[in-house]
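Commentary on secondary and tertiary structure
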Amino acid sequence: MRLGSLGRSINKLAKTAFGLLAVLAALMPTGPALAHGAAPHGPEDLWHSWQADPWVTIPLAASSILFASGVWRLRGSLGRLLPGFGTVQVFCFFAGTALLAVALLSPLEGLSRSLLSAHMVQHILLIAVAPPLLVLGKPEVAWLWALPEEWRRGMVRHRGMRSTLSFLSPCARPVPAALIHMAILWIWHSPTLFDAAVASDGLHRLEHVLFFGTALLFWRAIIRAHAGREAAAAALIACLITLLQSGLLSALLSFARDALYHTPDTANWGLTAVEDQQLAGAIMSLPMCAIYLISGLVMALRLLTPPRRERRGSMSVASSDLLKQSP
């Protein structure tokens, strides 16, 4: 059939793209210049400090290609996108991916080595902006459709995967996810570990992975909780926990009398270490806490809204249903 040929062509295209990415990764040097290049010494050097870290570029490119392949295959098989997965979701996914690129590949990455305030902007993008956009984009829908049919059906029957998901499911609830996320945030903002991460590429990558991974866990739990009143109550508590802990950490940065972190190059940017730290605390307290506050207000509104019949099957897309469908 024509649609089957289209699906096979897309699979071949995706495999070819992944092969090219693998070759590109092998050819790219992995030294500090590409991982976390030298920090700009002043404003005149800022726009020359773009990064080309293969640990970032390859996953971002691979996930984008897989997502686009799944959307193309879904559209070609059904002639349309699914209810609950449309243009808005596609926009959210690529917006979140673009913000990850800004956080990790733009001059912001180099600037974060010199200024704690720039480091905080980077963390806000990794924790509070890009993750909810990616969760709203429902990438699992497109990724599943990008896989061959037999792989998707095999995933449904795979006992190991089902057992692992069942074991990890308690961590994906709003309150546990919030506690895990905030624990990671506090641990990595301890002065010793924070300074070590700035000085070490390996620790810096680990810090970003844990920040981003636990943020995905948290936002997935919060966004999914909006579907029901009982879950929304737990999500409201989780948002309040996160808001209070973030506010406490930002206050600690803003009102500390001495610099908590080693930031030797702040003078080149017209700031003392303490002023830079106070600016970082203000950045954390305003946009980041505002995002958590708005999320909590949305959950509170969900609780105050009179219950109504849930229109199952027509308003949302479940991953298990997608696994059972054939392209």
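Coordinates for the structure precede this section.
In short, a report on the structure. (Residues numbered from 1 in each chain as written. Predicted model: local features only at pLDDT ≥ 70, side-chain atom pairs only at ≥ 80, totals over all residues. Heavy atoms only, no water.)

Overview of the overall build of the chain
- Helices and strands together make up the secondary structure of the chain, namely 15 helices and zero strands.
- Scored against the burial criterion, the 327 residues of the chain give a buried share of 44%.
- Sequence-distant contacts in the chain: of pairs separated by 6 or more residues, those separated by 24 or more amount to 79%.
- Carbon and sulfur atoms form 69% of the exposed surface of the chain, whose accessible area is close to 17,000 Å². (Helix = DSSP H or I, 4+ residues; strand = E, 2+ residues; numbered from the N terminus. Buried < 20%, exposed > 50% of the residue type's maximum accessible area, 1.4 Å probe, protein only. Contact = heavy atoms within 4.5 Å. Areas by Shrake-Rupley, 256 points an atom, 1.4 Å probe, with all protein chains shown as cover.)

Observations concerning unusual backbone geometry
- With phi around 50 degrees, Lys 138 is a residue other than glycine that occupies positive phi space.
- Summarising the element assignment, Lys 138 is placed in the loop between α6 (116-136) and α7 (139-146).

Digging into α7
- Taking burial as the measure, the eight residues of α7 include six buried ones, the bulk of the element.
- For α7, the complete set of buried residues consists of Pro 139, Val 141, Ala 142, Leu 144, Trp 145 and Ala 146.

With respect to empty space enclosed by the protein
- Applying the stated criterion across every chain yields a total of one cavity of 30 Å³ or more.
- A volume near 50 Å³ is recorded for the largest cavity.
- Residue assignment for the lining of the largest cavity shows that the elements contributing at least two residues are α6 and α11 (191-199).
- The biggest single contributor to the lining of the largest cavity is α11, with three residues.
- Classifying every residue of the lining of the largest cavity by side-chain character gives five nonpolar, four polar and two charged. (1 Å grid on protein atoms, 1.4 Å probe; cavity = no way out; pocket = protein on both sides within 12 Å on 5 of 7 lines; lining within 4 Å. Points joined across faces, edges and corners; volume = space filled by probe spheres on them. Nonpolar A, V, L, I, M, F, W, Y, C, P; charged D, E, K, R; others polar.)

Topic: the pattern of salt bridges
- A complete count under the given rule lists two salt bridges for this structure.
- A salt bridge links Arg 205 to Asp 53, with the nearest nitrogen and oxygen atoms 3.5 Å apart. In this pair, Arg 205 sits in helix α12 (residues 201-225) while Asp 53 sits in the loop between α2 (32-35) and α3 (54-78), placing the two residues 152 residues apart along the sequence.
- For Asp 201, the salt bridge goes to Arg 113, with nearest N and O atoms at 3.0 Å. In this pair, Asp 201 is assigned in helix α12 and Arg 113 in the loop between α5 (107-111) and α6, connecting sequence segments 88 residues apart. (Salt bridge = Lys/Arg side-chain N within 4 Å of Asp/Glu carboxyl O.)

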